[in-house]
Amino acid sequence: MEDRYGKIAAVLISVLTVLLAACAQGCDTGEKIKEQSYQTQKEKKSTVCPEVSGEIGEKEQKLLQKEAETAWEDYREIYREKPDSSLKEMVEKMGKRGYIIIDENNQTNLQNPEKLRAFCGNLKDGSAGKVRFYRVLEENGIRQTDLSFDGRKLMVTNVVLSREKEEAFISYMERYEAEAWNVTEKGYLIYKKYRPAGYDGENTVDAVRVEPLPDQLRELCGRYVPQTGYYNGGLFFENWDEGHYDRLDFRSLFEEFYRMQYGNYPDDDAYPGGIPAQEFESVIQSRLSVPAEILRGRKEYQADKNCYLREELLYRRYNITNIPIPEVTAYREHPDGTLTLTVEAVWKERMTDCAFVHEVTVRKQGESCFQYIGNKIIRSEENMLPTYMEEAE
């Protein structure tokens, strides 16, 4: 009897051992399947074919994409270490890792500029050369640019990675021949995409500041000379001073000064019945010392309602393109506490780093407050003024 039960027990133990082994193998297989599935998804995501423009072979596409993703991983690692890093900090930290890099709007200094500077020398003397550099994009992305020059043709290859949460994906990849390029005395490399005859769309022009600009000049520009001043109210494209406000459009300036004061423009549907006089005058006088009687002497003032009609061309702040970017290149402090900034308008669409020069004078009022007290366009036969500025002459 005991032998019989012993045999049954042995069989049960054997069966149980087989079942446990199968289970373990199944569980391990399940984990492997999950891991393989995850790995497949990662590989699939990283090999998604981007939107491609120009002649780039499939093998080269994969190589370019892999190289761009490597740069993106470095960028993401820096971001994770300090998510509140400024744009300048991000660019400089990427530079310490060896990247030739700048932001897309040239508001930081190019890191490791030596190779790009040498390439500009190639373009000047007609010798072959190539270089790669990167741009940090405003919309959480990075762009890898390869420039190749054979002594006659300049070829441009861009790979753009945009960020989506913690992942990155290729937005597009393009290669084109530059129609024209310019290495300026001030240190810009500007190049324009070739367009066939009959093309009537916007030109694609890129500009990178190779030579550094002192941080103090950048700070002064950011504080006092916003780009919007080139199309809002005549602030930087009219000659005016505190005795002559007749060429300024106060309604348009209300929009701009409101943004400077509160951090955003007023809603499009705000003030349907007009802007209350007290609010309008308070916003304007925060940046100009213009008397209320001058403001109320304009036709937009509605005496019966004690309000001002709002700017009718609000679409301008959304649709204005192809305008210069201000760059402060010098400044003068005066004994009366005022400050005059020399501003050169960088206009890449016109292939120049100095389309015209103007002087902006401000009166500082404490640490953060100031008023504009004048703008002067420096006359020159070489001035290239936007159409709306030429019409104002």
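Details of the structure are given in the entry above.
Residues numbered from 1 in each chain as written. Predicted model: local features only at pLDDT ≥ 70, side-chain atom pairs only at ≥ 80, totals over all residues. Heavy atoms only, no water.

Enquirer: Which parts of the structure should I look at to understand the overall build of the protein chain?
Expert: Broken down by element type, the protein chain carries 10 helices and 16 strands. Going through the 393 residues of the protein chain one by one, you find that 43% of them count as buried. Put simply, of all contacts in the protein chain between residues at least 6 apart along the chain, 51% involve residues at least 24 apart. Accessible surface, the protein chain as shown: approximately 22200 Å² in total, 49% of it carbon and sulfur. (Helix = DSSP H or I, 4+ residues; strand = E, 2+ residues; numbered from the N terminus. Buried < 20%, exposed > 50% of the residue type's maximum accessible area, 1.4 Å probe, protein only. Contact = heavy atoms within 4.5 Å. Areas by Shrake-Rupley, 256 points an atom, 1.4 Å probe, with all protein chains shown as cover.)

Enquirer: Can you help me understand the packing of helix H6 (residues 250-262) against helix H7 (residues 277-285) in this one?
Expert: To characterise two packed helices, one gives the angle between the axes of the helices and the distance between these axes. The geometry of H6 relative to H7 is characterised by a closest axis approach of 8 Å and an angle of 70° between their N-to-C directions. The angle between H6 and H7 falls in the class roughly perpendicular. The segment H6 lies against H7, with Phe 250, Arg 251, Leu 253, Phe 254, Phe 257, Tyr 258, Gln 261 and Tyr 262 engaging Glu 279, Phe 280, Val 283 and Ile 284. Of the residues in the contact of H6 with H7, the class split is 9 nonpolar, 1 polar and 2 charged. (Axes fitted to C-alpha atoms, helices over the stretch in contact; angles between N-to-C directions. Parallel < 35°, antiparallel > 145°, perpendicular 65-115°, else oblique. Nonpolar A, V, L, I, M, F, W, Y, C, P; charged D, E, K, R; others polar.)

Enquirer: Got a minute to help me understand H6 in this structure?
Expert: Counted at 1.5 Å a residue, the expected span for H6 with its 13 residues is 18 Å, and the 17 Å between its end C-alpha atoms agrees. With 10 of its 13 residues buried, H6 lies for the most part within the structure. Where H6 is concerned, the buried positions are Phe 250, Arg 251, Ser 252, Leu 253, Phe 254, Glu 255, Glu 256, Phe 257, Tyr 258 and Met 260. Two or three places before Arg 251, at the start of H6, stands the capping residue Asp 249, its side-chain oxygen 3.2 Å from that residue's backbone nitrogen. One or two positions beyond H6, positive phi appears at Gly 263, with a value near 90°. (Expected span 1.5 Å × (residues − 1). Polar contact = N/O pair within 3.5 Å; in protein donor to acceptor, adjacent residues only side chain to side chain.)

Enquirer: Which parts of the structure should I look at to understand the pattern of salt bridges?
Expert: Pairs may arise between side chains of opposite charge once their charged atoms sit close together. Under the definition given, this model contains 24 salt bridges. In this structure, the salt-bridge partner of Glu 58 is Lys 62, at a minimum N-O distance of 3.8 Å. Taken together, the residues span about one helical turn, with Glu 58 and Lys 62 both in helix H2 (residues 58-81) at a distance of 4 residues. By relative accessible area, which is 56% here, Glu 58 ends up exposed. The residue Arg 296 makes a salt bridge to Glu 281 at a minimum N-O spacing of 2.6 Å. A residue pair is termed long-range when its members are at least 10 positions apart, and Arg 296 in the loop between helix H8 (292-295) and strand S11 (301-302) and Glu 281 in helix H7 qualify at 15 residues. We classify Glu 281 as buried; its relative accessible area is 8%. (Salt bridge = Lys/Arg side-chain N within 4 Å of Asp/Glu carboxyl O.)

Enquirer: Please explain the sheet that holds S11 as it appears in this structure.
Expert: Backbone hydrogen bonds are what pair the strands of a sheet, in a parallel or an antiparallel way. Here we have 3 strands laid out as an open sheet, ordered S10-S12-S11, and antiparallel in their pairing. On the outer flanks of this sheet lie strand S10 (275-276) and S11, each paired with one strand and no other. Where S11 and strand S12 (residues 307-308) come together, 2 bridges link them in antiparallel fashion. Bridge pairing links Gln 302 to Cys 307 in S12. (Pairing = 2+ DSSP bridges.)

Enquirer: Hey, could you run me through helix H3 (residues 87-96) in this one?
Expert: Owing to its 3.6 residues per turn, the α-helix aligns residues three or four sequence positions apart on the same side. Taken residue by residue, H3 has Met 90, Val 91, Met 94 and Gly 95 as its buried positions. In an axial view of H3, the angular spread of the buried residues amounts to 140°, which keeps them on one side of the axis. On its buried face, H3 is in contact with H2, strand S2 (101-103), strand S3 (129-137) and strand S4 (141-149). Downstream of H3 by one or two residues, Gly 98 has phi in the positive range, about 100°. (Arc of directions from axis to C-beta.)

Enquirer: Help me out: how do you make sense of the sheet that holds strand S9 (residues 240-241) in this one?
Expert: With antiparallel pairing, 5 strands are arranged side by side in an open sheet as S9-S16-S15-S14-S13. Strand pairing shows two members of the sheet lacking a second neighbour, S9 and strand S13 (325-333), which therefore form its edges. Pairing of strand S15 (residues 357-365) with strand S16 (residues 369-378), which is carried by 9 bridges, proceeds in the antiparallel orientation. Each residue of the ladder has a partner; that of Lys 364, found in S16, is Phe 370. Against the sheet, helix H5 (residues 215-224) engages S13, strand S14 (338-346), S15 and S16, with an angle of about 105° to S13.

Enquirer: I tried to follow unusual backbone geometry on my own but got confused; where do I start?
Expert: Glycine aside, residues mostly have negative phi angles, and peptide bonds mostly take the trans form. Notably, Asn 106 is not glycine yet its phi reads approximately 60°, a positive angle. Checked against the element boundaries, Asn 106 lands in the loop between S2 and helix H4 (114-125). Notably, Asn 306 is not glycine yet its phi reads approximately 50°, a positive angle. Positionally, Asn 306 belongs in the loop between S11 and S12. Given the relative accessible area of 37%, Asn 306 is considered partly exposed.

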